[in-house]
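Architecture at a glance
Here are the chains, one letter per residue:
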Amino acid sequence: MHAYKQYKTHLNELEQQLADAHHRQLVLITGSSAWCYELLDSLIDDNNTLVISKQCVLKNSYWPTRTHQILGQEFAHAVYDGFSGLHPDKLAALAGAVKAGGILYLLLPELNNLATWQDPALSTVQSHGHTIDCSLFNQRFATIIKQLPAFHFSEKNGYTNHNACYVAHNKIDYLPQQNCVEQIVKVANGRANRPLLINADRGRGKSAALGLATAKLTDKKVIICSTQFKATHSCFKHLAAELDLQYNIEDKQLGNLHYVAPDALLNMLPECDLLLVDEAAAIPVPLLLKMLAHYPRIVFASTLVGYEGNGRGYTIRFSNYVKTHYKASKVIILDEPLRFAKYDPLEQHTRTLFALDAQYEELGGDQSGQLVHREITQQSLVNNEPLLQNIIALLALAHYQSSVNDLRQLLDAPSQRLFISQINSQLVGVCLIAIEGGLSEELAQQVINAERRPQGHLMAQTLAQLSFNSDCLTQLSARVVRIAIDPSSHNIGLGKKLLSYCESQLKDQCHWFGASFGATAQLLNFWQNQGFNTVKLGYQRDKSTAEHSALVVKCLSNNIEIIQPLKKQFKNDFFYGLLAHFKTLGWQLVSILIEGFSDELINLETRARLALLIKSNYTQFSISATLWQVVSQSPSCISQLTGPDKQLLIKLVLQNESDEKVIQQLGLLGKKELENQFRRVVKNFTSALK
């Protein structure tokens, strides 16, 4: 066993260098858990050190269930016990909590054993019935961390310093943050409808800037909105310091600043002079658009490469919308770190280990090359870091909010298959698929009876519970986890071709092919056009997308006797839901769903009653129930109408919306015009029936 005094000496030298450079560093401790714990105990004191571990042998340790429990805090040093499981999101978040001059201690088995070590975190990516003997995520992690300029204390090999060097007497540049504060103040005092977007990596002082700006606006009522109240602590803390106020971290109001959660904000629409939206990338775009429409002076601040989620999808979808619709909008990018100096080693280590800097280069105009599809194994990804980075970046672009854990899922989930499309060897499409099912008959029955919920069989489980048929769980199915296409190559059929290729590769092994996603008219139209049937729509809106979650499925075998009843049942459920929990669905989405339903014969009694009503001096009230019956029996008849006619019929008849709301939505002058429009729509509708 090596003398611990030697390690302490190296550590003291490191701490002095870090203090001078305003940097932070990773210290890797590897060996048996007992040796690592003993060495760590000799190296650290209890003062201001956060210890993340499931082991009570480490003093003051705790294990957060969620990443946001770590975010928003700062500590002189931190410890991550890898023996409790190597969870990328927790480790990355912990790295963000270390102050300048601090150290992140990472405890792990010897690196050469990491790939075959039974990592407790593996259970989070393994579907029920699937196990792996070798972790490719850990293999890559070990390979990369060996090359990093960091300190390494090893039970087997002693002390190693991989050329870690520091700039003496670094300075932190506060000018970009000061300019940002001035721009926030300008939004509050300037003309309306000039939104400001602040984009930054973590540690750049964007949340602090919100607080500093609020302190300059004491005559204004300011609301700050964020999905996690804890994320606003920095803002409140800096406001308190500037105004010399006492701050309690539990208080949601301080001076002229008041915290309101996103859902409460949109439900109550409280008045304010300035709305600050922090961590905007964590809020669904539809909600951001509602805030933008209601509040004339608004600032959106977001982390682009963060530890609780990656905001690249936010950047494309929301930022582009703001730039297009608000010509006087402004975007600020904070590059300079403030909580530590530039070129901080720990930040670089975190980015490298978890591929947080992965960038996707769009194909651009040249799409003339041959399109090639192929399946990629997880092992080949580990052997090809550039391809891995490209795939990660494209998946992040396509998805609204990505997680640091996605990398581990991509490399270690044994039930996943990955298909890609390339033009001239350049990646243009990715489709990530989870293979589900293959469970025992006994377990399948327990799932149907809601007694068990095996991990990783989401679609198979839902199909089985909807159909009460165990085949959905005993046989194999394929679920699209995520599909991403090069943004410059949208709307030319690449997604359709990639999906078709995946289907051809899966049809001999799987009985069903499907996907689950936040339902929009555009997305559902795409899937239904590829022959997928919608069999379920969630009753409540998903918190991450603000959309109702749709399940679409296609039969790859002869088991249509399961799918057909599900289609019919969903049709019945949906028409009932339009009068209840689907009452607020957008009419375009309702139209797409209805057009995917099969027609039945309109019974003679209903047809006869409609004919008699048309000839009479009918009212909206007297005819609506019959129209509702006709559409529910023969949904295709609505497809003959124009967009405005569909909107009126759907909102007024199928969703039983109030006259006042329909008048407002259609921009009509009043009830008389609504009545005239309704009669015209009824006439067009009945003509289409003949």
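Read on for a plain summary of the structure. (Residues numbered from 1 in each chain as written. Predicted model: local features only at pLDDT ≥ 70, side-chain atom pairs only at ≥ 80, totals over all residues. Heavy atoms only, no water.)

Focus on the overall build of the protein
Summing up its helical and strand segments, the protein has 26 helices and 21 strands in all. If one aligns the C-alpha atoms of the protein with their principal axes, the spans along those axes are about 100 × 65 × 55 Å. Taking the contacts inside the protein whose residues are at least 6 apart along the sequence as the reference set, 74% of them involve residues at least 24 apart. When the accessible surface of the protein is totalled, it reaches about 30,700 Å², and 49% of it is carbon and sulfur. Taking the average place of the 64 positive charges on the side chains of the protein and the average place of its 62 negative ones, the gap between the two points comes to 8 Å. (Helix = DSSP H or I, 4+ residues; strand = E, 2+ residues; numbered from the N terminus. Contact = heavy atoms within 4.5 Å. Areas by Shrake-Rupley, 256 points an atom, 1.4 Å probe, with all protein chains shown as cover. Lys, Arg positive; Asp, Glu negative; His and termini not counted. Charge placed at Lys NZ, Arg CZ, Asp CG, Glu CD.)

Brief notes about unusual backbone geometry
Notably, N424 is not glycine yet its phi reads approximately 55°, a positive angle. Turning to its location among the elements, N424 is positioned in the loop between strand 16 (416-423) and strand 17 (426-437). If you check the backbone angles, F468 has positive phi at about 60° while not being a glycine.

Details of helix 6 (residues 206-215)
Counted residue by residue, helix 6 has 10 buried out of 10 residues, so it is predominantly covered. Taken residue by residue, helix 6 has K206, S207, A208, A209, L210, G211, L212, A213, T214 and A215 as its buried positions. (Buried < 20%, exposed > 50% of the residue type's maximum accessible area, 1.4 Å probe, protein only.)

Regarding the environment of A215
The residue A215 is located in helix 6 in this model. The exposure class assigned to A215 is buried, which follows from its relative accessible area of 13%. When the C-alpha atoms of A215 and E242 are compared, they prove to be 6.3 Å apart, with 27 residues separating the residues in sequence. Residues contacting A215, with those up to four places away along its chain left out, are L239, E242 and L243.

What to know about the sheet that holds strand 15 (residues 371-376)
Read across the open sheet, the 7 strands follow the order 15-16-17-18-19-21-20; overall the sheet is mixed. Lying at the two open borders of the sheet, with one neighbouring strand each, are strand 15 and strand 20 (533-541). Here the strands of the sheet are splayed against their neighbours by 25° on average, with no regard to which way each runs. Taken together, the 7 bridges between strand 19 (residues 512-518) and strand 21 (residues 548-555) define a ladder with antiparallel strand orientation. Each bridged residue has a counterpart across the sheet, and for S516 the counterpart in strand 21 is L551. Packed onto the sheet, helix 20 (residues 560-577) meets strand 19, strand 20 and strand 21 and runs at close to 40° relative to strand 20. (Pairing = 2+ DSSP bridges. Axes fitted to C-alpha atoms, helices over the stretch in contact; angles between N-to-C directions.)

Some points on the sheet that holds strand 14 (residues 330-334)
Within the open sheet, the 7 strands sit side by side as 10-11-9-12-13-8-14. Their pairing is mixed. Two strands close off the open sheet at either side, each with one partner strand: strand 10 (253-254) and strand 14. Two strands pair when backbone bridges link them, and strand 9 (residues 222-225) and strand 11 (residues 257-259) are joined in this way by 3 bridges, in the parallel orientation. By the bridge assignment, I223 is partnered in strand 11 with H258. Running over the sheet, helix 9 (residues 285-294) touches strand 9, strand 12 (274-278) and strand 13 (298-303) and is turned about 155° from strand 13.

Examining the packing of helix 6 against helix 7 (residues 233-243)
The relative placement of two packed helices is expressed as an angle between their axes plus a distance between the axes. Where helix 6 meets helix 7, the axes come as close as 7 Å, and the angle between the chain directions of the two elements is 35°. By crossing handedness, the relation of helix 6 to helix 7 is classed as right-handed. For the pair helix 6 and helix 7, contact is made by S207, A208, L210, G211, L212, T214 and A215 and by S234, C235, H238, L239, E242 and L243, respectively. Taken together, the residues of the contact of helix 6 with helix 7 break down into 7 nonpolar, 5 polar and 1 charged. (Left-handed = near helix turned anticlockwise from the far one by under 90°. Nonpolar A, V, L, I, M, F, W, Y, C, P; charged D, E, K, R; others polar.)

Here's the deal with the pairing of strand 21
Most of strand 21 is tucked away: 7 of the 8 residues are buried. Bridge count for strand 20 against strand 21 is 5 bridges, and the pairing is antiparallel. By the bridge assignment, R541 is partnered in strand 21 with H548.

A closer look at the pairing of strand 2 (residues 49-52)
On any regular strand, side chains alternate: one points to one face of the sheet, the next to the other face. Neither face of strand 2 is exposed, since T49 and V51 on one face and L50 and I52 on the opposite face are all buried. Here 2 bridges tie strand 2 to strand 3 (residues 61-62), and the two strands are oriented parallel to one another. Bridge assignment links I52 to a residue of strand 3, and that residue is Y62.

Things to note about the state of the cysteines
Per the counting criterion, the structure on display carries 0 disulfides. The cysteine C180 is free of any disulfide, with C235 supplying the nearest cysteine sulfur at 11 Å. Take C180: its relative accessible area is 1%, and that puts it in the buried class. The structure places no disulfide on C510, whose sulfur is separated from the nearest cysteine sulfur, that of C502, by 11 Å. (Disulfide = S-S within 2.5 Å.)

What about the packing of helix 23 (residues 620-633) against helix 24 (residues 643-654)?
Two elements in contact, helix 23 and helix 24, have axes whose closest approach is 9 Å; the angle formed by their N-to-C orientations is 105°. In terms of their interaxial angle, helix 23 and helix 24 are classed as roughly perpendicular. Mapping the contact onto sequence places Q620, S624, L627, W628 and V631 in helix 23 and L649, L652, V653 and L654 in helix 24. Looking at the contact of helix 23 with helix 24, its residues break down into 7 nonpolar, 2 polar and no charged. (Parallel < 35°, antiparallel > 145°, perpendicular 65-115°, else oblique.)

A closer look at the side chain of H87
Relative to the helices and strands, H87 resides in the loop between strand 4 (77-81) and helix 3 (88-95). For H87, a relative accessible area of 11% gives the class buried.

Some words on empty space enclosed by the protein
Scanning all chains against the criterion turns up 4 cavities of 30 Å³ or more. Taken as a whole, the largest cavity encloses approximately 70 Å³ of empty space. Taken together, L26, L91, A92, A95, L104, L106, L346, H349, T350, L353 and F354 make up the full set of residues lining the largest cavity. Elements with a minimum of two residues in the lining of the largest cavity: helix 3, strand 5 (103-108) and helix 11 (345-353). At 4 residues, the largest contribution of residues to the lining of the largest cavity is made by helix 11. When its residues are assigned to classes, the lining of the largest cavity shows 9 nonpolar, 2 polar and no charged. (1 Å grid on protein atoms, 1.4 Å probe; cavity = no way out; pocket = protein on both sides within 12 Å on 5 of 7 lines; lining within 4 Å. Points joined across faces, edges and corners; volume = space filled by probe spheres on them.)

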